[in-house]
Amino acid sequence: MPVLVQKKRVDPKLELELLSKLDQLQQEYLWISDNEQKLKKNHLNKYIAVKNKKVVFDSDDFEALMKVLMLHDDVDSFAIKHITKKPACLLL
Amino acid sequence: MYVVAPIDVNTNQAYLLGYLLCSQLSTPRRVRFYIDSGSTITTLLSIDIVRLNLRWSNLTQTDCDTAIGPAKPYELPSVTILLKTIVDEQGTEQLIPHSLDKINLLPPDDPCDVVPAQYEFAFSLLGMDILKEFTRWEWNFTKNQLILK
């Protein structure tokens, strides 16, 4: 059992809503992952914003995409990804 | 208690979604972090810094080494990260806070000598400052999950 410092907990009323939003965003990222090849075909070299398992915006420029997203109430509800041709390779 | 980190099937890397809280943010903001045991300190990268509208010019800069050379991230003080945690055998979920004295920011104009942070490199990193709290890690590539206990 890990030792966690729990000085505060999130208000339980707010917590349910926050958990639900996290789950929703998780589904968007899973959808992106599952549809990587199709996204490469249709949105290559674009930054995409996904919501409700659909690409709702895309742009060649990340900052331009962000300007559009900032007009919406819940910016964090969009999963954002840059779709590139190169095979995924991360060096962290 | 444990946390479930999905594994991205395209990169075989585990990630977590969590909330970030700090003095610059009026509400908790969602961030996707890659699980990075190679990072000493949790680090936000350019897309998240811009998306969260974080300001770094007045923050302290520090030195660190990366796999591709030195970097000079900015230190964002007094951060809490909330992670969805399963807290009992019934599967009850709670957002457990993890408080950090600071995390690192590598913004778009990072004066890194080797490779400046670019928007292509989008994924923020959950470092050992938080990961060390999980003493057992169980990788399951059949279910595409990393369980952190």
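Definitions and cut-offs
- Residues numbered from 1 in each chain as written.
- Chains lettered and ligands numbered in written order.
- Predicted model: local features only at pLDDT ≥ 70, side-chain atom pairs only at ≥ 80, totals over all residues.
- Heavy atoms only, no water.
- pLDDT = per-residue confidence, 0-100.
- Contact = heavy atoms within 4.5 Å.
- Helix = DSSP H or I, 4+ residues; strand = E, 2+ residues; numbered from the N terminus.
- Polar contact = N/O pair within 3.5 Å; in protein donor to acceptor, adjacent residues only side chain to side chain.
- Buried < 20%, exposed > 50% of the residue type's maximum accessible area, 1.4 Å probe, protein only.
- Arc of directions from axis to C-beta.
- Core = buried A, V, L, I, M, F, W, Y, C linked by side-chain atoms within 4.5 Å.

Peer 1: Lay out the confidence of the model for chain A with the relevant residues and their values.
Peer 2: Atomic detail in the predicted coordinates should be set aside for any region of low pLDDT. For chain A, per-residue confidence averages 85 on the pLDDT scale, and 85% of positions sit at 70 or higher. The low-confidence segment residues 1–6 of chain A, where pLDDT is below 50, has 13 contacts with residues more than four positions distant or belonging to other chains.

Peer 1: Describe the side chain of Ser 124 of chain B, naming the residues involved and giving the relevant values.
Peer 2: All names here are of chain B. As for its placement among the helices and strands, Ser 124 is situated in strand β10 (residues 124–126). In this structure the side chain of Ser 124 is engaged in a polar contact, spanning 3.1 Å, whose partner is the backbone nitrogen of Leu 45. Polar side-chain contacts of Ser 124 include one of 2.6 Å to the side chain of Asp 48. Leaving out residues up to four positions away in the same chain, Ser 124 has contacts with Val 31, Arg 32, Phe 33, Tyr 34, Thr 43, Leu 44, Leu 45 and Asp 48.

Peer 1: Give a description of helix α3 (residues 62–69) of chain A that names residues and reports values.
Peer 2: Inspection of α3 of chain A places Phe 62, Leu 65, Met 66 and Leu 69 of chain A among the buried residues, and these make up the whole buried set. The arc that holds the buried residues of α3 of chain A, viewed along the axis, is 100 degrees, so those residues lie on one side. Contacts from the buried residues of α3 of chain A go to β1 (47–51), β2 (54–59) and β3 (79–82) of chain A together with α1 (46–51) of chain B. Looking at where α3 of chain A begins, the residue whose side-chain oxygen comes 3.4 Å from the main-chain nitrogen of Glu 63 of chain A is Asp 61 of chain A.

Peer 1: Before we move on, could you go through the nonpolar core and cite the residues and values that matter?
Peer 2: By size, the foremost hydrophobic cluster in this structure holds 31 residues, and its most contacted members are Leu 20, Ile 35, Leu 44, Leu 54, Ile 81, Leu 105 and Leu 126 of chain B. Among the elements of the structure, β1 (3–8), β2 (13–21), β3 (29–35), β8 (74–86), β9 (93–105), α2 (128–131) and β12 (145–148) of chain B are those that each provide at least two residues to this core. A per-element tally of this core places β8 of chain B first, with five residues. Once you skip the residues sitting within four places of it in the chain, Leu 126 of chain B turns out to touch Leu 16, Phe 33, Tyr 34, Ile 35, Asp 36, Thr 42, Ile 81, Leu 83 and Leu 131 of chain B. In terms of nonpolar packing, the next biggest core, distinct from the first, is built from 24 residues, Ala 79 of chain A together with Tyr 15, Leu 17 and Tyr 34 of chain B among them.

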